[in-house]
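Working through the structure, step by step
Chain by chain, the residues:
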Amino acid sequence: REFKALEDVSFEVKRGEAFGIIGRNGSGKSTLLQILTGTLSPTVGSCGTKGRVAALLELGSGFNPEFSGRENVYLNGSILGLSRHEIDEKFESIAAFADIGSYIEQPVKTYSSGMMVRLAFAVQVQLEPDILIVDEALAVGDALFQKRCFQKIEEMTSNGVTLLFVSHDEESVRTLTHRALLLRDGRPIICSTS
């Protein structure tokens, strides 16, 4: 039987806008973000982005579990199109934001979920994306780290970075975004302003 994860979804996000996507589990949020990041292709329609996209989707996605945190920083940076020299220049700020100490030299398979999200978020935001996509990942971080992340996201959006933020937490979406799309069973229900 055919299953359509998304149907008739259409929206535009302007440069520098903070846009939220909300819906219950199974509503199509993660599928939509995978299409936006290019890890999935739509079977119908099209999707376009302009600029460097940094995405924090599933916990640990894009990390090689056998590599150390340091090696994964360089791997992710190269995937985002940065040279080794550019990553060298940003490494200390990434390590400082992640704040995982000497674990940066250990294989990420030994990390707790909190350590994993700290490093993943630090990499994505310190590499200066044009578009930042965050999917629920911050939910596993401790309250203090979440606060630092939200402050960093607000700083980035005020500097012109486009944000696509997915969460089950309506208050976070209301606080961080200008507009939001509500999905139900893969269909857009409403796109509203905050």
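Please refer to the structure higher up on the page.
The present account deals with the structure reproduced in this document. (Residues numbered from 1 in each chain as written. Predicted model: local features only at pLDDT ≥ 70, side-chain atom pairs only at ≥ 80, totals over all residues. Heavy atoms only, no water.)

**As for the packing of aromatic side chains**
- Taken as a whole, this structure holds six aromatic pairs when the rule is applied.
- With centroids separated by 6.0 Å and ring planes inclined at 20 degrees, the aromatic side chains of Tyr74 and Phe91 adopt a geometry described as stacked. A residue pair is termed long-range when its members are at least 10 positions apart, and Tyr74 in helix H2 (residues 69–79) and Phe91 in helix H3 (residues 84–98) qualify at 17 residues. Judged on exposure class, the residue Tyr74 and its partner Phe91 are both buried.
- Relative to Phe121, the ring of Phe97 lies with its centre 5.7 Å away and its plane at 35 degrees, an arrangement referred to as tilted. Separated by 24 residues along the polypeptide, Phe97 in helix H3 and Phe121 in helix H4 (residues 113–126) bring together distant segments of the chain. One exposure class covers both Phe97 and Phe121, and it is buried.
- Here the aromatic cluster, defined as three or more aromatic residues joined through ring pairs, consists of Phe97, Phe121 and Phe145.
- A cation over an aromatic ring shows up here: Arg84 above the ring of Tyr74, its NZ or CZ 4.4 Å from the ring centre.
- The residue whose ring lies beneath Arg148 is Phe97, and the NZ or CZ to ring-centre distance is 4.5 Å. (Phe/Tyr/Trp six-rings, centres within 6.5 Å; stacked < 30°, edge-to-face > 60°. Helix = DSSP H or I, 4+ residues; strand = E, 2+ residues; numbered from the N terminus. Buried < 20%, exposed > 50% of the residue type's maximum accessible area, 1.4 Å probe, protein only. Lys NZ or Arg CZ within 6 Å of the ring centre and 35° of its normal.)

**Describing the layout of surface pockets**
- Reported here for the largest pocket is a volume of approximately 1000 Å³.
- Around the largest pocket, the lining comprises 34 residues; the ones closest to its centre are Val9, Leu32, Ile35, Ser46 and Cys47.
- Of all the elements in the fold, those that place two or more residues in the lining of the largest pocket are helix H1 (29–37) and strand S4 (162–166).
- The element contributing the most residues to the lining of the largest pocket is H1, with four residues.
- Residue classes in the lining of the largest pocket are distributed as 15 nonpolar, ten polar and nine charged. (1 Å grid on protein atoms, 1.4 Å probe; cavity = no way out; pocket = protein on both sides within 12 Å on 5 of 7 lines; lining within 4 Å. Points joined across faces, edges and corners; volume = space filled by probe spheres on them. Nonpolar A, V, L, I, M, F, W, Y, C, P; charged D, E, K, R; others polar.)

**With respect to unusual backbone geometry**
- Phi angles above zero are rare outside glycine, and Asp8 is one such case at about 60 degrees.
- Inspection of the secondary structure assignment puts Asp8 in the segment before strand S1 (18–22).
- Despite not being glycine, Asp185 has its phi angle at roughly 55 degrees, a positive value.

**Examining the packing of H4 against helix H5 (residues 143–158)**
- Viewed as axis vectors pointing N to C, H4 and H5 meet at an angle of 10 degrees, and their least axial separation amounts to 12 Å. The pairing of H4 with H5 is recorded here as roughly parallel in orientation. In this structure, the crossing between H4 and H5 has a hand that is left-handed. Of H5, the residues touching H4 (which contributes Val117, Arg118, Phe121, Val125 and Gln126) are Phe145, Arg148, Cys149, Lys152, Ile153 and Met156.
- Each residue belonging to the contact of H4 with H5 can be placed in one class, and the counts come to seven nonpolar, one polar and three charged. (Axes fitted to C-alpha atoms, helices over the stretch in contact; angles between N-to-C directions. Parallel < 35°, antiparallel > 145°, perpendicular 65-115°, else oblique. Left-handed = near helix turned anticlockwise from the far one by under 90°. Contact = heavy atoms within 4.5 Å.)

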